[in-house]
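Breakdown of the fold
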Amino acid sequence: MKQDNLLVEDDRSLNRAVSLKLRREGYEVRTAFTLKQACELCRAEMPAFIICDIGLTDGSGLDFCTDLREAGHDIMFLFLTALDTEIDMINGYDKRL
């Protein structure tokens, strides 16, 4: 199995589809539907890679990324979102720190 990963997506159908595809490709994937759940999973074991929606019901995936990076975690992030304006893209790239 490849390293443990985390998918944070509040749309249950999309969460299920993405996690199923990743598992079929041999990845270990934990899933969360809220940032609260994601934080709890990260406290238990920090993933190597996070795929995260930006607009979640309980907050912003961008802020979640910033919080983890400011806490010293060097985690790869992939933002999964329908946002597509230039400013949205700049905000996502800005989270590289």
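Preceding block: the structure.
As the structure is a prediction and not an experimental result, all values here were calculated from the model.

The rules we used
Residues numbered from 1 in each chain as written. Predicted model: local features only at pLDDT ≥ 70, side-chain atom pairs only at ≥ 80, totals over all residues. Heavy atoms only, no water. Helix = DSSP H or I, 4+ residues; strand = E, 2+ residues; numbered from the N terminus. Buried < 20%, exposed > 50% of the residue type's maximum accessible area, 1.4 Å probe, protein only. Contact = heavy atoms within 4.5 Å. Areas by Shrake-Rupley, 256 points an atom, 1.4 Å probe, with all protein chains shown as cover. Salt bridge = Lys/Arg side-chain N within 4 Å of Asp/Glu carboxyl O. Lys, Arg positive; Asp, Glu negative; His and termini not counted. Polar contact = N/O pair within 3.5 Å; in protein donor to acceptor, adjacent residues only side chain to side chain.

**Things to note about the overall build of the protein**
- The secondary structure content of the protein amounts to four helices and six strands.
- For the protein, the α and β elements follow one another from N to C terminus as β-α-β-α-β-β-β-α-β-α.
- With 97 residues in all, the protein has 34% of them scored as buried.
- In the protein, once contacts between residues fewer than 6 apart in sequence are set aside, the share between residues at least 24 apart is 63%.
- Total accessible area on the protein stands at roughly 6,200 Å², and carbon and sulfur atoms take up 53% of it.

**Overview of the pattern of salt bridges**
- Following the criterion strictly, the structure yields two salt bridges and no others.
- One salt bridge in this structure joins Arg30 and Asp4, with 2.7 Å as the shortest N-O distance. Placement of the pair is Arg30 in strand β2 (residues 27-32) and Asp4 in strand β1 (residues 2-8), with a sequence separation of 26 residues.
- Classification of Arg30 as buried rests on a relative accessible area of 18%.
- Among the ionic pairs, Glu25 bridges to Lys21, the shortest N-O distance being 3.0 Å.

**Focus on the side chain of Arg69**
- Secondary-structure assignment places Arg69 in helix α3 (residues 61-70).
- Despite its burial, Arg69 pairs with no opposite charge, the nearest such side chain being Asp74 at 4.8 Å.
- Here Ile75 takes part through its backbone oxygen, which lies 2.6 Å from a polar atom of the side chain of Arg69.

So yeah, pure geometry; function would need other evidence.
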